[in-house]
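Structure at a glance
Residue-level listing of the chains:
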Amino acid sequence: MKGKQTKLVIAIDGFSSCGKSTMAKDIAKIMSYIYVDTGAMYRAVTLYALRKNWINEDEVETPLLIDALNDIHISFQYNEENQTNVTFLNGENIETEIRQLEVSNNVSVIAAIGEVRRHLVKLQQEFGNDGGVVMDGRDIGTVVFPHADLKIFMTADPMIRAKRRYDELTAKGDSVTIEDILANVEKRDYIDQNREESPLTKAADAVVLDNSRLTPAEQTALVMEWIKEKKEEKDV
Ligand code: DC
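Below is a summary of the structure that appears in this document. Just so you know, these numbers come straight off a predicted model, no measurement behind them. (Residues numbered from 1 in each chain as written. Predicted model: local features only at pLDDT ≥ 70, side-chain atom pairs only at ≥ 80, totals over all residues. Heavy atoms only, no water.)

What about the site of the ligand?
In the region of the ligand, 13 residues are neighbours, and T38, R43, R117, D139 and R195 sit closest. At a separation of 3.0 Å, a nitrogen atom of the ligand approaches a polar side-chain atom of T38. In the model, an oxygen atom of the ligand is placed 2.8 Å from a nitrogen or oxygen of the R43 side chain. Burial of the ligand by the protein amounts to 90% of the accessible area it has alone, namely 450 Å². Take the shell around the ligand: its biggest share by element is four residues, from helix α2 (residues 38-51). (Near = heavy atom within 4 Å. Polar contact = N/O pair within 3.5 Å; in protein donor to acceptor, adjacent residues only side chain to side chain. Areas by Shrake-Rupley, 256 points an atom, 1.4 Å probe, with all protein chains shown as cover. Helix = DSSP H or I, 4+ residues; strand = E, 2+ residues; numbered from the N terminus.)

Here's what the structure looks like:
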């Protein structure tokens, strides 16, 4: 029906450090949609497993973790003051902890476990049941929402991503080298694309957004154009 308030499902996939979450949050805010950071969900499960001492040098106590999946409750709350999403694990604010190096260094092994993925995918699909959602990750357009209204595959030159990350970290006072960061970016790209379970790949019907040479404002304007087109297609 023309003019009805169509709420889209917007799937954003892509490489690490491409600015997926910044863009997804921006779009969700403009559209008054909910934003779901699926990477935070894999990070939350990783934190739970680390606290239980179930990860040792890339070896995971997988059966124990699978048994515990129903005890791991993940939720998000929007913080109006600093306009960020905050991740909760069983009622505890874990937003800061899941961004720390220990979780970043262990999350790939957890994200490679099929049962963990299937459990989280089910929850992610529930978030998107009624539309009006922007979700970012690695398998949103391919596995979570294969029928998403708009699928965006984000990419940027690895050196440009490394430089952005370098600027962020040095601004916080961290002492890092650009070579180390570039090596880490390339390693994560390799793991994301080559794991057996739901590897990162562009859905056939996704539009590619290479933001190597786009400002955040230009990028948002471009995506808003795509959203407008999709809404018009859906509203007729
Ligand atoms: O986007 P991020 O860096 O916060 O993601 C953390 C990890 O989780 C990263 O190793 C990729 C993985 N991930 C995934 O496998 N599938 C998703 N949908 C989201 C993230």
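A short note on the side chain of D37
Relative to the helices and strands, D37 is located in strand β2 (residues 34-37). The class for D37 is buried, based on a relative accessible area of 12%. Among the polar contacts listed, one links the side chain of D37 to the backbone nitrogen of G39, at a separation of 3.1 Å. Among the polar contacts listed, one links the side chain of D37 to the side chain of R99, at a separation of 3.1 Å. (Buried < 20%, exposed > 50% of the residue type's maximum accessible area, 1.4 Å probe, protein only.)

Considerations on the sheet that holds strand β5 (residues 74-79)
Strand order in this open sheet of three strands is β5-β6-β7, and the pairing throughout is antiparallel. Two strands in the sheet have a free side with no partner beyond their single neighbour: β5 and β7 (92-93). Alignment of β5 against strand β6 (residues 84-89), held across six bridges, turns out to be antiparallel. Its bridge partner being in β6, I74 is matched across the sheet by L89. (Pairing = 2+ DSSP bridges.)

Focus on the pattern of salt bridges
Taken as a whole and assessed by the stated rule, the structure comprises 14 salt bridges. A salt bridge links K234 to D149; its shortest N-O distance comes to 3.0 Å. You can see K234 sitting in helix α9 (residues 216-235) and its partner D149 sitting in the loop between α6 (140-144) and β9 (150-155), a full 85 residues away along the chain. Overall, K234 belongs to the partly exposed group, its relative accessible area being 38%. What emerges from the salt-bridge pattern is a single network uniting D37, E95 and R99. (Salt bridge = Lys/Arg side-chain N within 4 Å of Asp/Glu carboxyl O.)

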